[in-house]
Amino acid sequence: MNLKTPGLYIHIPFCLSKCLYCDFYSLTSISAAPGFLDALFKEMEMYRTRFNPFDTVHIGGGTPSLLSPQQLENILIRVRENFNLISNPEITIETNPADLNRSFLESMRENGINRINIGVQSFDEKVLGFLGRRHSVKQAISAVEASRKARFHNLGVDLIYGVPDQDMGSWLDTLKQATVLSPEHISCYQLTLEAKTPLGIRYQAGEFSMPGEELQHEFFMKTSEFLEDAGYIHYEVSNFARGKEHTSRHNQKYWDHSPFLGLGPSAHSFQYNQRWWNHRSLDQYLAAINAGNLPVEETETLTMEQLRLEALYLGLRTKKGIFLQDFENQYHYDLFTEKKKILTRLEEEGFISIQDGYLYPTQTGFAVADSLSLI
Ligand code: SF4
């Protein structure tokens, strides 16, 4: 049985416009928001007793900052009515810089939201244009400043690197600007192009090329070096925190097989050895709920071997790595004995370290974390 504390994720499926690289489910009109919220509240009731208590609530999407202060307040009222939260939960909202003004931010704080994530993506206007973001560099800077004034003391920014034609200088300028604003958390994602997105289609048509493996590796290493020098802990392949207390408590749940409940279209959930996910389309989601059913599209039961491979893959993407004794207890597999030969070789080659019962990636190993898990 999994005794880790669960997290709650709520997917808000609306964006004002679609970014050109985005593969997440969202609609570009918020006219359906009232109907969606009614359904979301019914979905909460359906899960009332199945998970509890939560220590994180993550409102993501989509663009949750498109909702009104009243709608966000109602979500949090319903969360508290339907579920138990521990006394100091981490409550995060994902936002677009264009939506953030002082009074909206203050109302979020009053509703108990204590962590804000701002989708900045770049401090280079050209890159923002290429990605099809609907905000400017100036708006991104103002959004961070306004969040501080509204007493957000746990603030994260998301950035994207590896954009075609982006040179190292432009990326380092973006990182520099980010550190000047001094957020508690920085996520740096490498741009990946999904086939059906507008940028994916243009790429397949040969309109531009993507940075090669060597350059991507250089982006990764320089990012790590720059942010570590600026005082950030590189605690997961794509994530940096100013202190241990600023790491994302919610994301940790995805990396260590903690249970989580995902509500809203396309949201995924995990409990014990089961993973399930909701209908992606809002219409199907609403139809299921209005018929009194859970809006689940599919459920998957994971074997012990699948769980073990996932734990290895996810654990090796974190700086802390894998505590071998816990791994053995949870997945009935003595990783150290079973894979001794290959682990010794990887350690000799400088990709991993094994110390104090932990197996963890070195900086070099971090850069190739996904391949490491193939051991
Ligand atoms: S704001 Fe986020 S969810 Fe919406 S289209 Fe852009 S990347 Fe996708």
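How each quantity is defined
Residues numbered from 1 in each chain as written. Predicted model: local features only at pLDDT ≥ 70, side-chain atom pairs only at ≥ 80, totals over all residues. Heavy atoms only, no water. Helix = DSSP H or I, 4+ residues; strand = E, 2+ residues; numbered from the N terminus. Rg over C-alpha atoms; globule rule 2.2 N^0.38 Å. Buried < 20%, exposed > 50% of the residue type's maximum accessible area, 1.4 Å probe, protein only. Contact = heavy atoms within 4.5 Å. Areas by Shrake-Rupley, 256 points an atom, 1.4 Å probe, with all protein chains shown as cover. Lys, Arg positive; Asp, Glu negative; His and termini not counted. Charge placed at Lys NZ, Arg CZ, Asp CG, Glu CD. Pairing = 2+ DSSP bridges. Axes fitted to C-alpha atoms, helices over the stretch in contact; angles between N-to-C directions. Expected span 1.5 Å × (residues − 1). Arc of directions from axis to C-beta. Parallel < 35°, antiparallel > 145°, perpendicular 65-115°, else oblique. Left-handed = near helix turned anticlockwise from the far one by under 90°. 1 Å grid on protein atoms, 1.4 Å probe; cavity = no way out; pocket = protein on both sides within 12 Å on 5 of 7 lines; lining within 4 Å. Points joined across faces, edges and corners; volume = space filled by probe spheres on them. Near = heavy atom within 4 Å. Nonpolar A, V, L, I, M, F, W, Y, C, P; charged D, E, K, R; others polar. Core = buried A, V, L, I, M, F, W, Y, C linked by side-chain atoms within 4.5 Å. Salt bridge = Lys/Arg side-chain N within 4 Å of Asp/Glu carboxyl O.

## A word on the overall build of the protein chain
Logical step 1: When helices and strands are counted, the protein chain shows 16 helices and 15 strands.
Logical step 2: Against the 2.2 N^0.38 benchmark of 21 Å for 375 residues, the protein chain shows a C-alpha radius of gyration of 21 Å, consistent with a compact globule.
Logical step 3: Along the first, second and third principal axes, the C-alpha set of the protein chain runs to 60 × 50 × 45 Å.
Logical step 4: Per-residue burial for the protein chain yields a buried fraction of 52% across its 375 residues.
Logical step 5: Residue pairs in contact within the protein chain that sit at least 24 positions apart in sequence constitute 69% of those at least 6 positions apart.
Logical step 6: Element-wise, carbon and sulfur atoms account for 50% of the exposed surface of the protein chain, whose accessible area totals about 16900 Å².
Logical step 7: Put simply, the protein chain has 35 plus and 46 minus side-chain charges, and the middle of one group is 4 Å from the middle of the other.

## Focus on the environment of Leu 85
Logical step 1: With respect to the helices and strands, the residue Leu 85 is situated in strand β3 (residues 85-95).
Logical step 2: For the pair Leu 85 and Ala 230, spaced 145 residues apart in sequence, the C-alpha to C-alpha distance is 34 Å.
Logical step 3: Excluding residues within four positions of it along the chain, Leu 85 makes contact with Phe 54, Val 57, Val 79, Arg 80 and Ile 91.

## Remarks on the sheet that holds strand β13 (residues 322-323)
Logical step 1: Spatial strand order, β13-β15-β14: three strands in an open sheet with antiparallel pairing. Of all the strands in the sheet, just β13 and β14 (352-355) have a single pairing partner and so form its edges.
Logical step 2: One ladder, built from four bridges, connects β14 with strand β15 (residues 358-361); its direction is antiparallel. Paired with Ser 353 across the two strands is Tyr 360, which belongs to β15.
Logical step 3: Across the face of the sheet, helix α14 (residues 340-348) comes into contact with β14 and β15 while running at roughly 110° to β14.

## What to know about helix α2 (residues 69-82)
Logical step 1: Taking 1.5 Å per residue, 14 residues should reach 20 Å; α2 reaches 20 Å between its end C-alpha atoms and fits that length.
Logical step 2: Taken together, the buried positions of α2 are Gln 71, Leu 72, Ile 75, Leu 76, Val 79 and Asn 82. Summarising the axial view, the buried residues of α2 lie within an arc of 135°, below the 170-degree limit, and thus occupy one face.
Logical step 3: Next to the buried residues of α2 lie β1 (7-12), α1 (33-46), β2 (54-61), β3 and α3 (102-110).

## Section: the packing of α1 against helix α10 (residues 282-290)
Logical step 1: Relative orientation of the contacting elements α1 and α10 amounts to 50°, with a least axis distance of 10 Å. Judged by the angle between their axes, α1 and α10 are oblique. Crossing geometry of α1 relative to α10 is assigned as left-handed. Each of Gly 35, Phe 36, Ala 39, Leu 40, Lys 42, Glu 43 and Met 46 in α1 lies in contact with α10, whose residues at this interface are Leu 282, Tyr 285, Leu 286, Ile 289 and Asn 290.

## Examining the side chain of Ser 248
Logical step 1: Looking at the secondary structure, you find Ser 248 in the loop between β8 (239-241) and α9 (249-255).
Logical step 2: Discounting residues that sit within four places of it in the chain, Ser 248 has contacts with Glu 90, Arg 115, His 185 and Tyr 235.

## A word on the layout of surface pockets
Logical step 1: By volume, the second largest pocket is sized at about 330 Å³.
Logical step 2: Forming the walls of the second largest pocket are 16 residues, and the residues nearest its centre are Lys 4, Asp 256, Gly 321, Ile 322 and Phe 323.
Logical step 3: For the lining of the second largest pocket, the element with the highest residue contribution is helix α12 (residues 324-331), accounting for four residues.

## Description of the site of the ligand
Logical step 1: In the neighbourhood of the ligand, the contacting residues comprise Cys 15, Ser 17, Lys 18, Cys 19, Tyr 21, Cys 22, Gly 62, Thr 63 and Arg 133.
Logical step 2: A breakdown of the residues in the shell around the ligand according to their chemical character gives four nonpolar, three polar and two charged.

## Focus: the nonpolar core
Logical step 1: Grouped together as the largest cluster of nonpolar side chains are 69 residues, with contacts concentrated most on Ile 10, Leu 40, Ile 75, Met 108 and Leu 159.
Logical step 2: For this core, the element with the most residues is α1, which contributes seven residues.
Logical step 3: The contact partners of Ile 75, leaving out residues within four places of it in the chain, are Ile 10, Ile 12, Leu 37, Leu 40, Phe 41, Met 44 and Leu 67.
Logical step 4: Counting 20 residues, the second largest nonpolar core, distinct from the first, contains Phe 270, Ala 311, Ile 322 and Ile 375.

## Focus on the packing of helix α11 (residues 304-315) against α12
How two helices pack is summed up by the angle between their axes together with the distance between the axes.
Logical step 1: At their nearest, the axes of α11 and α12 sit 10 Å apart, and the two run at 160° to each other. Considering their axes alone, α11 and α12 lie roughly antiparallel with respect to each other. The hand of the α11/α12 crossing is right-handed. Here Met 304, Leu 307, Arg 308, Ala 311 and Leu 312 of α11 lie close against α12, whose contacting residues are Phe 327, Gln 330 and Tyr 331.
Logical step 2: Counted by class, the contact of α11 with α12 contains six nonpolar, one polar and one charged residues.

## A look at the pattern of salt bridges
Logical step 1: Applying the stated criterion across every chain, the model contains 15 salt bridges.
Logical step 2: A salt bridge links Glu 184 to Arg 148, with the shortest nitrogen-to-oxygen separation between them at 3.0 Å. Residue Glu 184 is found in the loop between α6 (168-181) and β6 (185-190), and its partner Arg 148 is found in helix α5 (residues 137-149); the two are separated by 36 residues along the sequence.
Logical step 3: Taking relative accessible area as the criterion, Glu 184 reaches 5% and is therefore assigned buried.
Logical step 4: Of the residues examined, Arg 148 reaches a relative accessible area of 26% and is grouped as partly exposed.
Logical step 5: Arg 317 is paired through a salt bridge with Glu 236; the nearest N and O atoms lie 3.3 Å apart. Residue Arg 317 is located in the loop between α11 and β13, and its partner Glu 236 is located in strand β7 (residues 233-236); the two are separated by 81 residues in the primary sequence.
Logical step 6: Sharing partners across several salt bridges, the network here consists of Asp 55, Arg 249 and Lys 253.

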